[in-house]
Amino acid sequence: MAQEAKTVSALKELNFSQFTLQEKVAIKQAGRSLPEIKIVQEGVCHNKKYIHSFNCDWYQKKTWLCRCEVKNALFCFPCLLFGGDSVWSKDGFTCIKNLKEKTEKHENTKKHIYNAISLSVLGSVNIKERVSESYRLSVNAHNKKVTKNREILSKIIDCIKICRHFELPLRGHDETDDSANPGVFRGLINHASQLDPDLRTHLESNPVFKSVSKTIQKEILDCLLQIHHDQIRKEIKEAPFVAVMADDTIDVSEYTQMVIVLRYLLGEEVVERFWGFFTPENQTADGLSKCILDQLNTVLKGNAEKLIAQTFDGASVMKGKKGGVQAKIKSVYNNAHFIHCYAHQLNTIMQNAASVTRGS
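So, here is what we can say about the structure in this document. (Residues numbered from 1 in each chain as written. Predicted model: local features only at pLDDT ≥ 70, side-chain atom pairs only at ≥ 80, totals over all residues. Heavy atoms only, no water.)

Details of the overall build of the protein
- On a plain count of helices and strands, the protein comes out with 16 helices and nine strands.
- Relative to the compact-globule value of 21 Å for 360 residues, the protein shows a C-alpha radius of gyration of 29 Å, a clear excess of over 25%.
- C-alpha atoms of the protein, sized along the principal axes, occupy 95 × 70 × 35 Å.
- Out of the 360 residues belonging to the protein, those deemed buried represent 32%.
- Looking at the protein alone, contacts between residues at least 24 apart form 55% of all its contacts between residues at least 6 apart.
- Accessible surface, the protein as shown: approximately 23800 Å² in total, 53% of it carbon and sulfur.
- The centroid of the 49 positive side-chain charges in the protein is displaced by 7 Å from the centroid of its 41 negative side-chain charges. (Helix = DSSP H or I, 4+ residues; strand = E, 2+ residues; numbered from the N terminus. Rg over C-alpha atoms; globule rule 2.2 N^0.38 Å. Buried < 20%, exposed > 50% of the residue type's maximum accessible area, 1.4 Å probe, protein only. Contact = heavy atoms within 4.5 Å. Areas by Shrake-Rupley, 256 points an atom, 1.4 Å probe, with all protein chains shown as cover. Lys, Arg positive; Asp, Glu negative; His and termini not counted. Charge placed at Lys NZ, Arg CZ, Asp CG, Glu CD.)

Given below as C-alpha cells:
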C-alpha cells in the first residue's frame, strides 16, 4: 500500500539525513504534498487595481513545487528534504506576482539542481553493484562489520546504563588492563566479556577501537545526554506548563556546580527531569541567572509563556526581589513566579528547632 504524502509541516520537522535508505525512498515515492490552498494578492498599477491568484497549473510546469496549508505558501520539495534556500525550504514563498521570475531563478541555482539530482537518483541501484561481484561482497562484508560493531557498542552502552541506574561512578583511579581496581565500568565490561564470547573477542583482538577508553566513555555519555535532551524538548513541547528548579554547590576541586531540573506535566502525570550539571561564570546573581537563562532558552525555544514557576533555596542571591536570580529570570519570563524550595524551608525549620534547648 502506497504511503500518503507527508505535509510540508511534517517534512520541516524531520531530519531527512538521519533516515534509512528505505525510509527516504518511501518519502520520495509518496511524493509532494498538494493540499488545497488559496494564495491571492491585490495590487495597484497605473491607478488600476488588479488581483493575482495562484493557478494550480503551476504544479504541472514545476514538478518540484509543493504547498503548505498551514503557512498558505509554496515550497520546493527537493530543498525541503536536502536543505537549501530558506525561502523555499523553511519560510515559504507567497509573492505570486513574481512567481515566474522567482521559480526560474530558484531552479537554476546550484543547490536546487544538486538537490533535484539527489532526489532523482535516490533509491536507484548503483552500477558498481550490478557489474562488480567483488564490490558487492566488499559491501556485504562492510555491512556485517558495522552490524557487529553496533552490537558490541550496544553492550558497552548497557554497562554504562547499569552504572547510571545505580548512580555508580564509571571510572576508577587506575584503568589499566592489569589493575586490581579498574572502576565499576571496566569491571562490568570485564565480567560481561567472560559471559559473551563476541565481546571478549572484540576486546582481545581490536587494539585500536576497544570502545572502553575514557574518551569513548565521555562521547557515549554526551550522545546519551543529547538523546535525553531531545526527548525532554519533545515532551515540553506538548506540556502546558513548566517549572525550573536549580541548586548549586562547590565540589572537592572548589568549582561551583549547578544542577538544573525541569518539572512539567506529561499527560496527567507530573514528572521531574534532570537537565544537567553546569558551571556558572561566578556565584553572583548575574552569573547564576545567566547560566539558568542560557539553558531555558535552549529548552523552551519560543514558548516563554509555559514557564510558570522557578524554585531555588532561600539564599539572598537567589530570592532577592530586585537583584536576585529569581528577579532576573522573571524579567525575561514574566509568568515564572518564585517559590522558596520546600525542602530548604524544612531544613531551615529543623535547624532552628534543633538549635533551641529545653529550658532556654
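With respect to the pattern of salt bridges
- Following the criterion strictly, the structure yields nine salt bridges and no others.
- In this structure, the salt-bridge partner of Glu104 is Lys100, at a minimum N-O distance of 3.0 Å. With Glu104 and Lys100 both in helix α6 (residues 99–107), this residue pair falls four residues apart, about one helical turn.
- On the basis of relative accessibility, which here comes to 51%, the residue Lys100 falls in the exposed class.
- We note a salt bridge from Lys328 to Asp286, for which the minimum N-O separation is 2.9 Å. Placement of Lys328 in helix α15 (residues 325–332) and of Asp286 in helix α13 (residues 285–300) is noted, with a sequence separation of 42 residues between them.
- Given a relative accessible area of 27%, Lys328 falls into the partly exposed group. (Salt bridge = Lys/Arg side-chain N within 4 Å of Asp/Glu carboxyl O.)

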